[in-house]
Amino acid sequence: MSIIYWEKEIETLPRAELGALQLKRLQQLVARVYKTVKPYRYKMDEAGVRPEDIKTLKDLSKLPFTVKDDLRDNYPFGLFTVPLEEIVRVHASSGTTGKPTVVGYTQKDIETWSGVMARALCCAGATRGDMVHNAYGYGLFTGGLGAHYGIERLGATVIPVSGGNSKRQINLMRDFGSTVLLSTPSYALNLAEAMDAMNIDPGSLSLKVGIFGAEPWSENMREEVERKLNLKATDIYGLSEVMGPGVAQECLHTDRGMHIFEDHFLPEIVDPETGEVLPPGEKGELVFTTLTKEAFPIIRYRTKDISRLVYDTCACGRTLVRMEKVTGRTDDMLIIRGVNVFPSQVEHVLMGVEGVEPHYQIVVERQGNLDTMQVQVEVSEGIFSDEIRKLENLSGQIRKEIKDLLGVTCVVKLVEPKTLYRSEGKAQRVIDNRKI
Ligand code: DLL
């Protein structure tokens, strides 16, 4: 199998040279951020660290962390380093309560992003000759447009189909001869099921590889996707705060982890409790510092994703470190049909509704290949004894407000006061019955 690189020189750079490049970029970044972004300057002053203190890559650990709440506190544009006229695009993802997390890109950021996405596609063996079916959602989510620009940059043909309407997707894949599929892994399984219902043999399609991510998935799920869609399934990782899709991508030569595009995104693994940097090879929370982003650089961002870094040399020749499959999160964020959902967002909606008690539970299931979310909530005595129509109106209102805020459809079940389980310690807000 021939190996395809997008930027061979940088992807195979000896580690010492890569380290020197990272350090130079880190120093420039810290100096610029200190000068231009007040919240970063305050935090660094508070920690007693100045840009000149970054003399080696190890000094990174002197810098304060950035967390999702920092984005909320500076909503919407307070952490941007350039004037708004330089911003050509914004995206947004879930915040922990009412306000989304907003990120911005300059023209150069879009170029950097499409470059790393083109690298990711090459890692998965895609070339200019490919017909790429992009079923990541287009819109504020970074998946659709982020992948789209990378596919165009590679010079392949993009089918910007976005999510939903599986039957049409399959007809397009068959008629256009799609060779590469991009979607969440759960949607890929959904497509397989729809294909089955349409009596279409996946072997009769031209699909050869899939680039699946945006949610956790196991090795078992990989096998299932590969078998049911008759393709090679690869993993792609990314997050809006750092860039979007294309932070890391699995190559075709390893079954152990995704290459992190380290010349742009500097990874660390820290102890989720203490924040101490852990030695290479240990499992912990991934932390990223962007090295080249202009509009919205981020320093030591706590992703809350649990993984491990693998520094072995890879058979593909890339020297870029690999991150193992994400095995969990340190917080309670759920990913439901590719959408990030915090229980605190659901709570935020519920607490704004009259007649609702502060006792609720979120039950998540996977029915077939589709995630479902049920919100069970206690209502006050008076409301519960009201006529059915009123209860229906109330549950409809809650369902709509959750859909408006989170973009996820759920089932709302109103229950009698004092019927939900009361924990003696931490409330158990989420029951996740999915076996991923
Ligand atoms: O999910 C970006 C993306 C789009 C990645 C398309 C890959 C493909 P957010 O919506 O900000 O961005 O969600 C980021 O999703 O912190 C992880 O918890 C989770 N996640 C993303 N990729 C993977 C993956 C996009 N391959 C959050 N495996 C991250 C497990 C993933 N979890």
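Overview of the structure. Quick caveat, the model's predicted, so the values are computed rather than measured.

Thresholds applied
Residues numbered from 1 in each chain as written. Predicted model: local features only at pLDDT ≥ 70, side-chain atom pairs only at ≥ 80, totals over all residues. Heavy atoms only, no water. Helix = DSSP H or I, 4+ residues; strand = E, 2+ residues; numbered from the N terminus. Rg over C-alpha atoms; globule rule 2.2 N^0.38 Å. Buried < 20%, exposed > 50% of the residue type's maximum accessible area, 1.4 Å probe, protein only. Contact = heavy atoms within 4.5 Å. Areas by Shrake-Rupley, 256 points an atom, 1.4 Å probe, with all protein chains shown as cover. Phe/Tyr/Trp six-rings, centres within 6.5 Å; stacked < 30°, edge-to-face > 60°. Pairing = 2+ DSSP bridges. Disulfide = S-S within 2.5 Å. Near = heavy atom within 4 Å. Polar contact = N/O pair within 3.5 Å; in protein donor to acceptor, adjacent residues only side chain to side chain. Salt bridge = Lys/Arg side-chain N within 4 Å of Asp/Glu carboxyl O. 1 Å grid on protein atoms, 1.4 Å probe; cavity = no way out; pocket = protein on both sides within 12 Å on 5 of 7 lines; lining within 4 Å. Points joined across faces, edges and corners; volume = space filled by probe spheres on them. Nonpolar A, V, L, I, M, F, W, Y, C, P; charged D, E, K, R; others polar.

As for the overall build of the chain
Of the regular secondary structure elements, the chain holds 12 helices and 20 strands. Scaling as 2.2 N^0.38, a compact globule of 436 residues should have a C-alpha radius of gyration of about 22 Å, and the chain matches this with 23 Å. Principal-axis analysis of the C-alpha atoms gives the chain an extent of 70 × 60 × 45 Å. For the chain, buried positions account for 53% of its 436 residues. Intrachain contacts of the chain at a sequence separation of at least 6 include 67% that bridge at least 24 residues. Accessible surface for the chain amounts to roughly 19200 Å². Of this, 49% is attributable to carbon and sulfur atoms.

Quick look at the packing of aromatic side chains
Each aromatic ring pair is characterised by the separation of its centres together with the angle its planes make. Taken as a whole, this structure holds 5 aromatic pairs when the rule is applied. Summarising the aromatic geometry, the rings of tyrosine 105 and tryptophan 113 are spaced 4.7 Å apart at their centres and angled 10° between planes, so their arrangement reads as stacked. One exposure class covers both tyrosine 105 and tryptophan 113, and it is buried. Between phenylalanine 212 and tryptophan 217, the ring centres sit 5.9 Å apart and the planes meet at 90°, which makes this aromatic pair edge-to-face. Just as phenylalanine 212 is buried, tryptophan 217 falls in that class too.

Observations regarding the pairing of strand S17 (residues 356-367)
Strand direction decides the pairing type here: S17 and strand S18 (residues 370-379), joined by 9 bridges, are antiparallel. Residue valine 364 lies in a different strand from S18, and its bridge partner there is methionine 373. Pairing of S17 with strand S20 (residues 430-432), which is carried by 3 bridges, proceeds in the parallel orientation. By the bridge assignment, valine 364 is partnered in S20 with aspartate 432.

Details of the state of the cysteines
Taken as a whole and judged by the stated rule, the model has 0 disulfides. The thiol of cysteine 251 is not disulfide-bonded; the next cysteine sulfur, from cysteine 314, is found 3.7 Å away. The class of cysteine 251 is buried, set by a relative accessible area of 2%.

Considering the site of the ligand
By nearness alone, 22 residues border the ligand, and Asp235, Ile236, Ser240, Asp305 and Asn340 come closest of all. Within the side chain of aspartate 235, a nitrogen or oxygen atom sits 2.8 Å from a nitrogen atom of the ligand. One of the side-chain nitrogen or oxygen atoms of asparagine 340 is found 3.0 Å away from an oxygen atom of the ligand. Protein contacts shield 97% of the accessible area of the ligand, which totals 610 Å² for the unbound molecule. Among the secondary structure elements, those contributing two or more residues to the shell around the ligand are helix H6 (142-154) and strand S7 (232-239).

Some remarks on the pattern of salt bridges
Any two side chains of opposite charge can pair, given that their charged atoms come close. Per the stated rule, a full pass over the model turns up 30 salt bridges. Between glutamate 241 and lysine 68 there is a salt bridge, with its nearest N and O atoms 2.6 Å apart. Taken together, the residues span a long stretch of sequence, with glutamate 241 in the loop between S7 and strand S8 (244-249) and lysine 68 in helix H4 (residues 68-73) at a distance of 173 residues. Within the structure, one salt-bridge network assembled from shared partners comprises Arg256, Arg308, Asp312 and Glu324.

Observations concerning the layout of surface pockets
Computed from the structure, the second largest pocket encloses a volume of approximately 490 Å³. Elements represented by at least two residues in the lining of the second largest pocket include exactly helix H2 (15-36) and strand S10 (265-270). Taken together, the residues that form the lining of the second largest pocket break down as 11 nonpolar, 4 polar and 5 charged.

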